[in-house]
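Examination of the molecular architecture
Here is how the chains run, residue by residue.
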Amino acid sequence: MTGLPRVDFYDFLSTQKKSLYLTHKCVHAYIKGANNLCYENEEGVEQKIKLDKLRRLVLVGHICNIDCEVLYKLLWKNIPVDFIDIWGRCTGNLVQINKDADYFSLRQEQFESSKDALECARLVLLAKVLNQKETIRRRVNQRLSDINHSINRIKLAKDEDQLRGGEGYIARLYFKNWKTIVDNFDWNGRVMHPAIDPVNSMLSIGYSILCSRLCASLRCVGLNPQLGFFHQIRGKNKALAYDLMEQFRPFVDTTVLAMIRTKKVRPEKFGYDENKDKVTFKDDSFRVMINAFEKMFCNTVSIYASDGYTSTIVKRTLNDLLDDCAENFAQYLKGKASFLIWSKVPCNVI
């Protein structure tokens, strides 16, 4: 891992502020005093956050009762305000001009062809497969020696093709194990386009929301989500978001598995359109799924942050982790921070 600069990543973690995501459950947001942003939920319970601890405000869906003073104060303090829909897609933003945007566009193009790009891709994929292994380990009572062997393949990969080969093999093993977990659903493996069954449909929707939210985080710090360093040659139009979100995919996986285990979603709650090639949702199943994903983004989790050499445990929401990820990559491109990954178990490759 000699290509990565060894900047103390603890300094980066210690300076991270929080991002605030408000949904339709927020009935009022306002400024109290000189430095407090307050917001009330449906029960009238007031919560607050100091403006100097706030990194970003994101308004999800239809939020009506936001005082104008909130928007003015945040713009004055250079705190971005983003508007996204329930799918995570950006519908607008309120932010001062990012002077780093032109710099990052050039730097991202240069980085894509550098040797460091391979090392960053390796770290992200290691975090992904370790998270997948942990997801399976808790639910499937069997040896995972094949996955362990493939993890070593990723560690020793010499080029992008070898990385993809190791990643693809692990993905097949991983989703093959789902057969015993989702046995009440029709499951024959991961299929993306089109998602031909309810489980694949829920996964695709979750991944789509995750990718869109990460895109918004990347744009917020001045990065171009289309200029990736690993998925770019596949023609992805959100290449950088696809690159960095790999490590967070298991959050979606565990949320879908939890909905199935607790029977919040059941096979009879799904159907198909008249052509039998698209999954449809019956009754309240779509609302249940969207609510579960929203909780996934808002719940605080304990997770390891690592630069590939050492790891430390942090407690963050997934919303904050996505913003941390975007900000970290921006600082990494500037040479001011080590490239970080996030995993459920320590991810040290040295």
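Scroll up for the structure.
For the structure given in this document, a descriptive report is provided here. All values reported here derive from a predicted model rather than from experimental measurement. (Residues numbered from 1 in each chain as written. Predicted model: local features only at pLDDT ≥ 70, side-chain atom pairs only at ≥ 80, totals over all residues. Heavy atoms only, no water.)

In spatial order, the strands read β2-β3-β4; together these three strands make up an open sheet with antiparallel pairing. Of all the strands in the sheet, just β2 (28-32) and β4 (46-50) have a single pairing partner and so form its edges. Direction aside, neighbouring strands of the sheet carry axes that sit 25° apart on average. With five bridges connecting them, β2 and strand β3 (residues 36-40) associate as antiparallel partners. Looking across to β3, one finds that Ala29 is bridged to Tyr39. Most of the contacts of helix α2 (residues 68-76) go to β2, to which it runs at about 55°, and overall it touches β2 and β3. (Pairing = 2+ DSSP bridges. Helix = DSSP H or I, 4+ residues; strand = E, 2+ residues; numbered from the N terminus. Axes fitted to C-alpha atoms, helices over the stretch in contact; angles between N-to-C directions. Contact = heavy atoms within 4.5 Å.)

Reading across from one edge, β11-β10-β12 is the order of the three strands in this open sheet, with antiparallel pairing throughout. Either end of the sheet is taken by a strand with one partner, and the two such strands are β11 (311-317) and β12 (341-343). The sheet shows a mean angle of 45° between the axes of neighbouring strands, direction not considered. Bridging between strand β10 (residues 300-306) and β12 involves three bridges; their strand directions are antiparallel. Residue Tyr304 lies in a different strand from β12, and its bridge partner there is Ser343.

This brings us to the nonpolar core. The nonpolar side chains of a soluble globular protein tend to be buried, and buried together. With 83 residues, the main nonpolar core has Trp178, Phe229 and Phe329 as its most contacted residues. The element contributing the most residues to this core is helix α4 (residues 115-137), with 12 residues. If near-sequence neighbours (up to four positions away) are discounted, Trp178 is found in contact with Ile136, Trp187, Val199, Leu203, Asp253 and Leu257. Residues Ile31, Ile49, Ile63 and Val70 belong to the second largest nonpolar core, which totals 18 residues. (Core = buried A, V, L, I, M, F, W, Y, C linked by side-chain atoms within 4.5 Å. Buried < 20%, exposed > 50% of the residue type's maximum accessible area, 1.4 Å probe, protein only.)

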